[in-house]
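# Coordinates in review
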Amino acid sequence: MIPVSLILIPLITGLAAFFIKEARSVKAWALLSSVITLAIAAYGIFLGPAKELAFDAAWLPELGSRFTLMTDGMGKMLVLLTVGLFPVIFAATYQNEYKKPGSYYALMLLSQAGLLGVFLAADALVFYFFWELALIPVYFLCSIWGGEKRIAVTFKFFIYTFIGSLLMLVGILFLYFQNPEHSFALQSFYHIQLTAGQENLVFWLFFIAFAIKMPIFPFHTWQPDAYEQSPTSVTMVMSGIMVKMGIFAAIRWLLPVFPHASVQFANPIIILSVVGMLYASLIAIRQDDIKRLIAYSSIAHIGLMSAAIFTHNKTGMEGVMIQMFNHGINVIGLWIVADTIEQQLGTRKFSELGGLAQKAPVLAILFVVLCFANIALPLTNAFIGEFLMFNGLFQYNAWIAAAAVISVILAAVYTLNMVQKVLYGNTVPVTENAKEISGNVKWMLVVVVIVVIVLGVYPQPMIELTKDTVNAILVNR
Amino acid sequence: MPIQYYIYLCLTLFSIGIIGVLTRRNAIIVFMCIELMLNAVNLLLVAFSKMHHGAALVSDKATTVGIEGQLFVFFIMVVAAAEVSVGLAIIVMMYRNTHSVDINFLNRLKN
Amino acid sequence: MSKLVYLVPLFPLLGFLINGLGRKSMSKSLIAIVGSGSILASFIVSLLIFFDVKANGGTVVTLFNFIDVESFKIPFAFQVDQLSSLFLLIITGIGFLIHLYSSAYMHEEEPQHYGRYFAYLNLFVFSMLLLILGANYVIMFIGWEGVGLCSYLLIGFWFKNNNYNYAARKAFVMNRIGDLGFLLAVFWILLKLGTATYGEVFANVSKLSSFDITAITMLLFVGAMGKSAQIPLYTWLPDAMAGPTPVSALIHAATMVTAGIYMIARSNILYTMAPATQTLVAVIGLATAIFAATIALKQNDIKKVLAYSTVSQLGYMFLGLGVGAYTGAVFHVMTHAFFKALLFLGAGSVIHAMHHEQDIRKMGGLKRYLPITHITFLLGCLAIAGIPPFSGFFSKDEILTAAFSKNPLYYFIGVAGALMTAFYMFRLYTLTFLGQFRGTHEQEHHLHESPWQMTFPLIVLAILSVVGGWIGIPEVFAENAHSLEHFLAPVFAESTKLAEQHHLAASQEYLMMGGTTLAIIIVIVFAVNSYKKYQASTTEATGVGKLLENKWYIDELYDAVIVNPLNALAGFFKNIIEKAGIDGLVNGVGKLVSYGSRQLRLVQSGQVGNYILIMVLAMVVFFLVWFNDGYIYQLINKIF
Amino acid sequence: MSTIQILFFFLSALAIFSAVMVLVSKNPVHSVLWLIAVFFAISGHYVLLNAQFLAIVNLIVYAGAIMVLFLFVIMLMNLNTETEPQKHIWMKLAGVISGGCFLLMLISLVRQTQEMVGRKALMAEGNIGLIKNLGKALFGDYVVPFEITSVLFLSAMVGAVVIGKKD
Amino acid sequence: MNAIIVSALLGVVMMFSGIISKNKSVHTVVAVVGLLLLIIANLLNSYGPYVININTHGLLSVEQFGLFSNTIAFTATLVYVLLSGKTIENTGVNVADYYALIFFVLCGVSILSSFNGLLMLFLGIEILSIPLYILTGADKRNLKSNEASLKYFLMGSFSTGILLMGITLIYGATGSFTLGQSKSIAGAGLVVQTSFLQIAGMLLLFVAMCFKVSAAPFHFWTPDVYDGAPGVFTSFMATIVKASGFIAFIRLFENNTSVLGPTWKILLSLVIVATLLVGNITAVFQQSVKRMLAYSSIAQAGFMLFALYSANDLAKEGILLYSAAYSLATIGIFAVLIKMKDYTFDGFNGLAKTQPVVALATTICLLSLAGIPLTAGFFAKYYMLASVVKAGGSIWLVIVAVLFAAVSVYYYFRVIQAMYFKNGEAETLEITNGFKTGLLVLAALIVLIGIFPTIVLNWFYF
């Protein structure tokens with residue numbers, strides 16, 4: 001029952017939130033709901049009996065689709081990420097004021113439900129449903145509460161991803177009719193025998209969907225605009241969690257179902273991803289906007305992950321697993337900082353900022369730590385993931401790995417550039433009377449930073465958590 | 001009489017009807033051309049019915065094979081009559097409002 | 001005792017946390033006590049460990065499982081052996097002195113920055129200790145990057161000044177470049193051996209093909225280049241002088257920059273088995289030594305001179321490593337740590353007295369005002385110049401001797417470098433302490449000797465740099481006098497087995513020592529005389545002089561060849577490829593659709609005639625399709 | 001060449017000629033009259049095919065009722081050559097050509113149908129065209145459609161009222 | 001059989017109620033009651049034994065598929081009348097007559113859902129069309145309405161001509177008015193191969209049907225007529241009529257495409273792609289929501305044609321589901337549209353502020369049309385695609401279709417954007433609470449079908 005409740009609680013509370021008019025109560029409501037979800041998830045994953053973590057019920061028997069939910073290691077981890085980050089997001093943006101707060105938080109909770117569904121679904125049709133369900137609320141969130149160019153940008157983002165998911169739907173249908181068991185169940189998909197031609201075709205149908213979602217070069221252009229335009233708490237959801245949908249899906253639905261194709265096309269995809277890393281990193285060097293910079297840097301990180309996925313070796317895969325979680329944590333931290341700066345000073349441009357370290361040392365310190373996590377400094381969580389991923393990539397092909405590693409230098413360049421422009425130097429008019437962060441923001445950042453460090457020093461639990469998935473993906477077929 | 005002749009004749013009439021629809025702008029004339037097409041069809045139907053009837057007669061003297069064709073013609077005429085009443089009503093209505101029966105005269109709806 | 005090794009990094013870590021979190025609330029003196037005390041504590045522990053090791057060998061202490069995946073496992077373990085314990089002493093010892101020194105030097109900082117400073121410094125010591133103690137390359141890498149981080153933080157300590165920030169960034173990025181080499185090497189090792197733990201790696205080194213070894217060592221050396229400021233990655237070190245002087249002393253002279261030497265010494269067996277790399281190391285080292293020395297000749301910033309001399313000394317160490325004189329290299333690391341720290345601190349004391357004036361052309365005749373500083377500084381100069389029996393002489397001599405036996409050319413170039421060293425050091429000394437004071441009057445008015453916290457380390461270091469060399473007295477003077485070699489023997493045992501044994505005739509060695517010493521003395525005298533009467537001249541230097549003053553225009557070269565093109569490329573990507581190219585394509589599809597829409601709706605002409613016309617034509621087409629279906633099939637089969 | 005054939009060709013020629021005249025005559029009234037001529041020709045064909053009932057109905061319903069209705073309307077609007085709108089010449093050409101293509105298509109198709117070769121339409125005999133048989137069939141097998149056409153007429157009636165009634 | 005008779009009678013009843021009572025709302029009430037009767041009668045026909053049995057001599061064949069399509073059509077009409085009854089009353093004076101015509105149309109619908117043989121098809125189409133010509137022109141003073149009805153009438157009767165020529169040729173070839181048999185050839189004892197006459201006839205038939213369901217390139221009447229006709233009747237035409245057109249189309253061709261051989265698929269896929277292209281692409285640039293919906297109905301037709309392309313059981317279920325989903329959603333949107341003062345996109349600006357409930361319902365309808373999951377529209381499209389994939393082969397056609405579906409999102413969401421994201425004061429006619437409730441129920445129904453499509457299918461089908 002636990003997975004169901006994980007989906008239902010945000011869903012119901014979200015729908016209820018539509019009718020709460022008063023801002024403070026709805027914030028409290030959303031926070032409460034997310035905390036409850038977190039509690040349940042934590043219980044289910046760490047304490048509860050294992051059988052509680054699976055759920056199966058008839059949904060559309062005629063269509064051969066059952067409402068099946070399951071949690072393997074990866075699923076657990078991403079569920080933890082989702083349920084863990086939402087309270088952080090809510091708390092960190094607690095003082096932000098939105099028009100129509102009821103609808104805002106309602107949609108946020110709905111998107112949480114969708115995300116959890118995606119990570120739990122073990123049935124292709126259910127998966128597709130949640131895949132879309134996670135998208136729609138975000139579309140509305142960005143379009144209503146976003147920046148001035150929001151409508152066009154969000155619309156591009158929506159149609160872009162929608163095309164992807166439709167192609168995926170075609171792929172799913174195709175698989176379904178190739179499936180001797182005439183079912184959408186994930187497990188049965190693993191046993192489908194396809195001819196080479198079919199496999200390649202459907203592989204690409206799926207891959208494009210996921211590539212757009214991740215996004216990897218050259219499908220990424222929706223992302224920076226979307227991140228820039230949408231309200232930060234939504235950006236947090238998008239870059240912290242939604243982006244992981246693509247990677248998660250690639251691991252769960254792409255590799256095992258298309259074993260041959262995913263090996264056959266590994267090379268072009270990996271090269272594409274690596275090119276994307278370098279490309280994004282280079283572009284990030286020239287950014288002048290905190291949000292855009294983070295966006296591009298996260299494109300680079302994602303590129304590494306997608307490359308690591310297709311190395312088909314355990315090291316890389318472990319890295320991806322861990323990095324999915326860690327990247328979520330780090331980028332959320334960065335967004336919180338970006339948000340506080342924007343909320344307080346009303347700008348995100350480096351060129352207009354500076355000397356913040358004098359005014360807000362605590363913010364500065366936390367920000368610096370997060371930035372170094374962003375460039376994968378050892379003893380921060382990101383290092384573990386990237387170390388493993390680069391390692392896997394190296395096992396796959398030393399030269400590609402060498403090329404990819406260059407992005408680490410570039411990462412240092414642009415991240416430190418940001419740090420310097422924003423925090424150091426002398427204060428400028430904008431930052432003259434900047435105030436130190438306080439209360440919820442501070443504590444949320446502290447929490448994030450602590451997680452960053454702890455996971456950086458002692459990552460083994462994460463590795464243990466996801467080991468089973470890695471073996472399942474790479475050993476079976 | 002070889003059936004081809006009828007087929008050619010009717011197809012010709014039919015196509016003349018089509019050409020009329022394509023070349024005239026007077027709604028009434030266009031409508032008349034459509035009626036012409038219908039008549040071509042009627043004639044062809046009758047011809048075919050007689051053809052089938054002839055084929056059937058060989059084996060069975062009392063056969064009524066082919067009668068359905070002529071009944072169909074009957075129904076076509078019925079429908080045509082109904083259509084005409086409605087059609088002319090519409091044309092008249094338009095004429096009332098615009099004092100024109102030009103099918104291109106009213107051109108508010110496009111793109 | 002060795003079991004307690006984790007205490008060594010623990011104390012600095014605690015110090016870091018306490019100072020970092022409590023920097024607002026704690027008083028300066030408390031901060032200083034915590035900061036220095038923690039290092040002192042770990043120094044004491046290190047001492048105990050040192051003797052423990054000396055008595056009954058090294059060991060490996062595993063704390064917990066850091067990374068454990070199918071393909072390999074990396075424990076969080078500490079390697080306690082002769083080499084690391086020696087470095088522990090150097091780091092904690094000198095670290096403590098410099099902390100002490102800093103407590104006075106940084107005194108005018110306001111408390112929170114004061115606290116921040118000590119926090120950084122402790123963090124640095126912590127990471128340096130990790131680097132030294134790590135029992136496998138990954139842990140070493142953690143420290144490796146950690147010290148980079150700390151140097152970044154400390155160089156940019158006065159973050160209001162953007163030039164300092166740029167220097168910090170440069171340092172970090174250049175280190176990163178090196179680190180990549182290191183990282184790739186680690187991957188390579190993991191790939192081939194499935195482990196990064198020293199013991200296992202060195203045990204199975206025979207499993208590696210010579211190509212692998214060469215590649216690995218080369219990559220590791222790239223790491224060393226970055227960290228230890230060798231050509232071509234040295235330019236960050238002089239800029240790093242932006243940081244507070246004690247920092248320069250600790251990080252950019254005594255400890256961090258020697259990490260590269262430590263790492264190579266640690267993996268000596270690999271290098272011994274990769275002669276090609278060894279040659280490269282030697283050549284690079286030598287080149288750096290001589291090159292940096294030439295630049296140092298014409299620098300006027302007291303710290304810059306020392307910085308370049310550091311680079312060149314590091315070059316010597318790499319020369320030593322390259323020619324297989326691992327002990328010599330480590331020996332020189334130690335002595336260099338003593339006298340270079342001393343020199344920097346002395347410089348710091350001078351700068352302190354001169355109110356942050358660093359240009360030696362505006363100094364002079366300071367020996368009247370700063371007696372202790374003057375004496376200690378002089379000793380330092382003698383040590384670095386390599387006058388017997390000062391420490392520098394022994395270490396440098398050992399390296400040069402080894403170089404000679406490898407290839408005489410190395411030796412002579414090395415000696416030339418040594419002469420230059422002597423020259424610029426005494427140029428520095430003379431311009432600073434002898435002659436007339438050339439500064440402003442109120443500067444002169446304020447000149448004063450530094451407080452005891454600053455002078456005490458000077459004295460200690462001076463003593464060390466005098467006697468420090470005596471633990472490595474060459475065999476020619478006395479049998480088994482080279483106690484360091486014996487101490488370190490177990491670490492380099494494998495290499496020494498492999499390396500061909502060569503012994504110079506005692507007479508030749510004496511000759512060489514005598515010759516060099518004589519030459520050096522002559523150079524010193526020349527330098528002192530030529531600069532005693534120095535007056536600040538406004539004449540622009542020309543030719544080689546100009547070239548040297550501008551450091552061979554290396555920075556400009558790098559900007560022109562690497563930095564600017566990269567920026568241009570990034571700009572091109574950002575503005576052209578991204579906007580016009582990819583995004584243009586994506587939006588182009590949208591535009592295409594709306595354009596098609598605008599055109600297609602014109603077909604809807606609103607005229608019945610046209611509609612029916614199109615319908616008729618469509619029917620015609622249908623019939624055509626029908627009667628030509630054969631061809632259409634072929635077509636479709638061609639397409640799908 | 002039997003009389004039937006002569007009659008056939010004569011009627012065919014008449015029908016086609018008058019049909020063409022329907023198109024080309026400028027004055028709508030003339031077109032109507034020509035169309036009536038076409039209907040007469042067709043009725044002639046019916047007679048040849050021994051479908052008297054249809055021949056009569058054709059004359060009564062079409063030539064009689066419908067065409068007169070047309071005529072009334074035209075008179076009522078007093079449309080004449082002057083008020084007659086003309087299409088652009090190119091449009092006309094396009095119309096003619098495409099119509100011609102359509103005709104060609106169908107004819108070429110008919111020429112390819114072997115099974116029609118040698119089939120004949122039974123002339124002047126066979127009694128299915130007689131009112132008696134048709135009536136039997138109509139109120140026997142075909143009573144349902146016959147009833148249903150009443151719905152058609154109802155709707156047409158209502159429609160004519162709705163459209164025609166002044167309000 | 002029930003449906004045909006009852007609907008015809010109800011038409012007459014409406015005429016009389018028009019004579020008896022001058023109170024407009026009475027007519028609406030009568031119509032609603034009548035529709036309920038109709039539905040019941042039809043359900044009795046599908047489940048119960050209570051059937052008016054008439055020997056149709058094989059001219060009609062009443063089978064489940066047709067009956068279910070009837071039920072859907074009647075139910076949709078009921079919803080339509082309930083939502084838009086007021087507007088019908090305000091359209092003109094002869095309200096009763098409008099209802100009468102609507103019932104006659106429904107009679108045609110039920111004929112088309114049960115015809116057997118081309119004669120009844122022809123009659124059914126005519127009974128379906130002639131009232132529509134009139135409804136299109138119902139707004140007599142409005143020139144647009146005039147123009148629309150004239151165009152519709154001329155082109156409609158032209159297509160009738162084509163249809164009849166097709167029928168005739170088939171008759172000539174086979175000697176019967178039923179499809180799918182080559183009697184004459186077999187009788188003549190020649191090599192059994194389809195007669196060219198029959199092929200030509202079926203092609204012409206196909207063209208005529210394409211015209212009725214407004215498939216490109218025979219769609220041209222659709223935008224103009226839908227745009228010109230009074231909004232209420234557009235809604236009716238675009239949904240119930242079109243759906244029944246498809247039912248007829250499928251019943252006509254499902255078993256007879258073998259005669260046409262493989263070229264059939266090529267032709268059909270050409271038509272499908274053309275339809276999708278024209279419908280979606282042209283809709284993108286429209287300024288008036290009404291006209292956009294007209295084009296979108298063409299696009300939807302493109303999707304429904306898939307049912308024809310892959311004539312399998314999945315397709316038949318699908319077309320039922322599709323017509324249900326599509327009709328409901330379109331009726332909902334039109335119901336809102338005709339309440340707007342301004343039919344352009346800007347007319348919807350800020351509707352979410354002035355009328356949140358209406359905006360919500362409209363959004364759900366639009367999402368359904370766009371085929372977003374959790375709405376009925378998704379499963380409608382799903383079934384169509386699935387049927388094609390199941391039929392095998394042409395996966396490329398499916399890919400093209402989904403790409404166009406993505407395009408369709410563009411113009412559907414323009415309305416949503418206008419309602420929610422643009423600022424403005426959307427002006428509406430007075431909106432009663434009853435109307436709102438109706439819309440909400442409709443939306444709820446759409447979502448329900450979106451989650452459990454099998455409910456509908458189980459009720460209606462198996």
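Everything quoted here is computed from the prediction, not taken from an experiment.

Another aspect to go through is the overall build of chain C. Regarding its fold elements, chain C presents 26 helices and two strands. When each of the 640 residues of chain C is scored for burial, the buried share is 62%. A separation of at least 24 residues holds for 80% of the contacts in chain C among residues at least 6 apart in sequence. Accessible surface computed for chain C: about 22,400 Å², of which carbon and sulfur atoms make up 68%.

We now examine the interface of chain D and chain B. Each side of the interface is counted separately: chain D has 81 residues, and chain B has 77 residues. When the two sides are added together, the surface that chain D and chain B hide from each other amounts to roughly 7,000 Å², 78% of it contributed by carbon and sulfur. Taken as a group, D:L23, D:F70 and D:I128 account for 11% of the area that chain D buries against chain B, more than any other trio of residues on that side. In this assembly, chain D and chain B are joined by zero salt bridges. The set of elements that each furnish at least two residues to the side of chain D that touches chain B consists of α1 (3-24), α2 (28-48), α3 (52-76), α4 (89-112), α5 (131-139) and α6 (143-164) of chain D. Tallying contributions element by element places α4(D) first for the side of chain D that touches chain B, with 12 residues.

What follows covers a negative patch on the surface. Among the surface-exposed residues, E:D342, E:D346, E:E425 and E:E427 lie close enough to one another that they form a single negatively charged patch. With respect to the secondary-structure elements, E:E427 resides in the loop between α18 (395-420) and α19 (433-451).

Together, C:K367, C:R368, C:K532 and C:K533 line one region of the surface with positive charge. Judged by relative accessible area, which is 41%, C:K367 ranks as partly exposed.

As a general rule, the predicted coordinates of low-pLDDT regions are not to be interpreted in detail. For chain C, per-residue confidence averages 87 on the pLDDT scale, and residues scoring 70 or more make up 98% of the total. Our summary of model confidence lists the complex with pTM equal to 0.90 and ipTM equal to 0.91.

Okay, the interface of chain E and chain D next. In this complex, chain E contributes 38 residues to the contact, which on the side of chain D involves 28 residues. For the chain E and chain D pair, buried surface summed over both sides reaches about 2,800 Å², with 80% attributable to carbon and sulfur atoms. Summed over the shared surface of chain E and chain D, the result is zero salt bridges. Inspection of the region where chain E meets chain D yields three residue pairs in polar contact (both at pLDDT 80 or more). Every element with two or more residues in the side of chain E that touches chain D is listed here: α1 (2-20), α4 (95-112), α5 (118-136), α6 (143-174) and α8 (196-212) of chain E.

What counts, and at which threshold
Residues numbered from 1 in each chain as written. Chains lettered and ligands numbered in written order. Predicted model: local features only at pLDDT ≥ 70, side-chain atom pairs only at ≥ 80, totals over all residues. Heavy atoms only, no water. Helix = DSSP H or I, 4+ residues; strand = E, 2+ residues; numbered from the N terminus. Buried < 20%, exposed > 50% of the residue type's maximum accessible area, 1.4 Å probe, protein only. Contact = heavy atoms within 4.5 Å. Areas by Shrake-Rupley, 256 points an atom, 1.4 Å probe, with all protein chains shown as cover. Buried area = accessible area lost by both parts, 1.4 Å probe. Salt bridge = Lys/Arg side-chain N within 4 Å of Asp/Glu carboxyl O. Patch = residues over 30% accessible without salt bridge, like charges linked within 9 Å, V, L, I, M, F, W, Y side chains within 5 Å. Lys, Arg positive; Asp, Glu negative; His and termini not counted. Charge placed at Lys NZ, Arg CZ, Asp CG, Glu CD. pLDDT = per-residue confidence, 0-100. Polar contact = N/O pair within 3.5 Å; in protein donor to acceptor, adjacent residues only side chain to side chain.

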